[in-house]
Amino acid sequence: MQDSPFPRPLVVGIDVGGTKTHLRARAGDELVADHIRPSSGWRPHDPVAAADWLAALVAGALPAGARPAAVAVGAHACETPRQCAEIRAALRLHFDAPASVVGDAELLVPAAGLDRGAGLVAGTGSVAVGRREDNTPVQVGGWGALLGDEGGAAGLVREAVRVVWAAHDLGEEPDELAKRLLAAFEVPDVPALGGALEGATSPSADWGRHAPAVFAAAEAGSSLAGAVLTEGGRSLAALVVRLAARGVPVDDVVVAGSTVLAQPVLYDAFVASLAERVPHARPRHLDVPPVEGALAMARSLL
């Protein structure tokens, strides 16, 4: 443990998200730092650069002379145990203190005050994580807008375009979903939606920002939009099913993400499908910031 001006050990938790990063530091019950900044510059596939970025973040957020006794990081796009271990090893060049680095979705279960369970995130993308009884981490989903992320904002838009195309091929007139997608993407007709998707510079972000059009169409009575959201909820439940099949305890499923928690129709479809397929699973909203999970993990290192 390094020297510190605080009477209790100083622990630092960091939630590096795809858009923003949240750092909190506590010494016992005392809140020492609560800092939010953009995640620009985060390079998780370069362990040395990632560790340098994290160290600079900590140095800029903590008071002068404050030295952490433990650091835990939940990192966006830290996709494998090997990758996370390499970032953790690089952090040793900066901190003479124990450190932990995991994928950001792994923060949900400890943030909810649980030792075991599944974490499900559905924001721009979608992913589910958990650990087997032997503590082996398991991640399912999280493949990005081009290949997966069903039930996340980008995946919902992709599937909405797919069903609109199918209706167009059957000779049907554009319904409310088609009209709202055309307006959102600013294209003149249904066939042009394909080019709009393919021309995206960053598919996850560029597609995902149009998800409100899908929800608005469903609210306006579009059966196509309703079907997309129902299937999206089933896809989220399927992630939990896959975790259970791989030996992850899923009695508690901690749910986070702006898409699923802000849209009752999607969340209700997820809950209904989960109850049908994994009756013993209990979904629960995460009602604290995920960074609290990083703090809990940091305390466990002391």
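As a starting point, this report considers the structure included with it. Treat the numbers as computed from the prediction; the structure is a model and nothing was measured.

1. Observations concerning the nonpolar core
Line of reasoning, step 1. Among the nonpolar cores identified, the biggest contains 49 residues, and Leu181, Leu193, Val214, Val253 and Phe270 are the most heavily contacted of them.
Line of reasoning, step 2. It is helix H9 (residues 223-245) that provides the largest number of residues to this core, a total of eight residues.
Line of reasoning, step 3. Setting aside anything within four residues of it in sequence, one finds valine 214 in contact with Leu156, Val157, Ala160, Leu177, Leu181, Ala225, Val228 and Leu229.
Line of reasoning, step 4. Counting 31 residues, the second-largest nonpolar core is a separate cluster that includes Ala51, Ala55, Ile87 and Val101.

2. Overview of the packing of H9 against helix H11 (residues 264-277)
A pair of packed helices is captured by two measures, namely the crossing angle of their axes and the spacing between those axes.
Line of reasoning, step 1. Interaxial distance between H9 and H11 falls to 7 Å at its minimum, and their mutual angle equals 45°. Classed by the angle they form, the pair H9 and H11 counts as oblique. Our pair here, H9 against H11, has a crossing hand that is right-handed. Residue-level inspection shows Leu229, Thr230, Gly232, Gly233, Arg234, Leu236, Ala237, Ala238, Val240 and Val241 of H9 in contact with H11, the latter providing Val265, Leu266, Ala269, Phe270, Ser273, Leu274 and Arg277.

3. Some remarks on the pattern of salt bridges
Line of reasoning, step 1. For the structure on display, the rule yields 11 salt bridges.
Line of reasoning, step 2. Between arginine 24 and aspartate 34 there is a salt bridge, with the nearest N and O atoms lying 3.0 Å from each other. Of the two residues, arginine 24 is situated in strand S2 (residues 20-27) and aspartate 34 in strand S3 (residues 30-38); the sequence distance between them amounts to 10 residues.
Line of reasoning, step 3. Accessibility expressed as a relative area gives 42% for aspartate 34, which makes it partly exposed.
Line of reasoning, step 4. Between arginine 131 and glutamate 106 there is a salt bridge, with its nearest N and O atoms 2.8 Å apart. With arginine 131 in strand S7 (residues 126-131) and glutamate 106 in the loop between strand S5 (99-103) and helix H3 (108-111), this pair connects stretches of sequence that are 25 residues apart.
Line of reasoning, step 5. A network of salt bridges, in which partner residues are shared, links Arg24, Asp34 and Glu292.

4. So, the sheet that holds strand S8 (residues 137-141)
Line of reasoning, step 1. Taken in spatial order, the five strands of this open sheet run S8-S7-S6-S9-S10, and their pairing is mixed. Only two strands of the sheet have a single partner each, and these edge strands are S8 and strand S10 (282-285). Taking the axes of each pair of neighbouring strands and ignoring which way they run, one obtains an average angle of 20° across the sheet.
Line of reasoning, step 2. Its contacts with the sheet put H9 on strand S6 (118-122), S7, S8 and strand S9 (252-256), and the angle it makes with S7 is roughly 25°.
Line of reasoning, step 3. Contacts from H11 reach S6, S9 and S10 within the one sheet, and its direction differs from that of S10 by about 160°.

5. Focus on the pairing of S2
Line of reasoning, step 1. By the criterion of burial, S2 is predominantly enclosed, with seven of the eight residues buried.
Line of reasoning, step 2. With seven bridges connecting them, strand S1 (residues 10-16) and S2 associate as antiparallel partners. The residue of S2 that forms the bridge with glycine 13 is arginine 24.
Line of reasoning, step 3. As consecutive antiparallel partners, S1 and S2 are separated by three residues.
Line of reasoning, step 4. The pairing of S2 with S3 spans eight bridges and is antiparallel. Residue pairing for S3: leucine 23 is matched across the bridge by histidine 35.
Line of reasoning, step 5. Connecting the antiparallel pair S2 and S3 is a turn made up of two residues, with glycine 28 showing a positive phi of about 65°.

Reading the values: rules and limits
- Residues numbered from 1 in each chain as written.
- Predicted model: local features only at pLDDT ≥ 70, side-chain atom pairs only at ≥ 80, totals over all residues.
- Heavy atoms only, no water.
- Core = buried A, V, L, I, M, F, W, Y, C linked by side-chain atoms within 4.5 Å.
- Buried < 20%, exposed > 50% of the residue type's maximum accessible area, 1.4 Å probe, protein only.
- Helix = DSSP H or I, 4+ residues; strand = E, 2+ residues; numbered from the N terminus.
- Contact = heavy atoms within 4.5 Å.
- Axes fitted to C-alpha atoms, helices over the stretch in contact; angles between N-to-C directions.
- Parallel < 35°, antiparallel > 145°, perpendicular 65-115°, else oblique.
- Left-handed = near helix turned anticlockwise from the far one by under 90°.
- Salt bridge = Lys/Arg side-chain N within 4 Å of Asp/Glu carboxyl O.
- Pairing = 2+ DSSP bridges.

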